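# A structural walkthrough
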Amino acid sequence: ILCIRHGVTEMNEYLARNPYGTRGFVDPGLYDTRLTPGGRQAAAGDLNRKLKEAHKSWPIELAVSSPLSRALHTAELGLERVHIPRMVSPLIA
């Protein structure tokens, strides 16, 4: 089992500037946040390269993703040109 976390999202950047528990913290209520340009670049670049290399040595049999857009987009970019079955499971959201 290979577990991969989604790329950097808008919420990650918000929380870096406004950490939970700080005085005056306001939760923006963002649930299904999108990847940032940096998150997309990391998924399409480093992650994709590493997954292609790993797939050559230890074939990846199946990719399972959360239905949240950040996870789907990370999987899409990270697995581009890695031809394996993919499925979405709400159990990992």
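Bear in mind that the values here come from a model prediction, so they are computed numbers and not experimental data.

### So, the packing of helix α2 (residues 37–57) against helix α3 (residues 69–78)
Helices that pack against each other are described as a pair by the angle of their axes relative to one another and the distance between those axes. Packing of α2 against α3 leaves a shortest axis separation of 7 Å and a crossing angle of 50 degrees. Considered as vectors, α2 and α3 are oriented oblique to each other. Every pair of crossing elements has a handedness; the one defined by α2 and α3 is right-handed. Contacts between α2 and α3 involve R40, A43, A44, L47, N48 and L51 from the first element and H73, T74, L77 and G78 from the second. Looking at the contact of α2 with α3 residue by residue, the classes come out as five nonpolar, four polar and one charged.

### Section: α2
Taking 1.5 Å per residue, 21 residues should reach 30 Å; α2 reaches 30 Å between its end C-alpha atoms and fits that length. Where α2 bends most, at L47, the angle is about 35 degrees. Those residues of α2 not exposed but buried are G39, A43, L47, N48 and L51. Its buried side turned inward, α2 meets α3.

### Quick look at the nonpolar core
L35, A43, L47, L51, I60, A63, L77, L79, V82 and I84 together form the largest nonpolar core, which totals 10 residues. Take this core: its biggest share by element is three residues, from α2. When sequence neighbours within four positions are dropped, the list of residues in contact with L47 reads I4, A42, T74 and G78.

Parameters at a glance
Residues numbered from 1 in each chain as written. Predicted model: local features only at pLDDT ≥ 70, side-chain atom pairs only at ≥ 80, totals over all residues. Heavy atoms only, no water. Axes fitted to C-alpha atoms, helices over the stretch in contact; angles between N-to-C directions. Helix = DSSP H or I, 4+ residues; strand = E, 2+ residues; numbered from the N terminus. Parallel < 35°, antiparallel > 145°, perpendicular 65-115°, else oblique. Left-handed = near helix turned anticlockwise from the far one by under 90°. Contact = heavy atoms within 4.5 Å. Nonpolar A, V, L, I, M, F, W, Y, C, P; charged D, E, K, R; others polar. Expected span 1.5 Å × (residues − 1). Bend = angle between axes of the 7 residues up to and from the residue. Buried < 20%, exposed > 50% of the residue type's maximum accessible area, 1.4 Å probe, protein only. Core = buried A, V, L, I, M, F, W, Y, C linked by side-chain atoms within 4.5 Å.

Interpretation in functional terms is not warranted from these geometric data alone.
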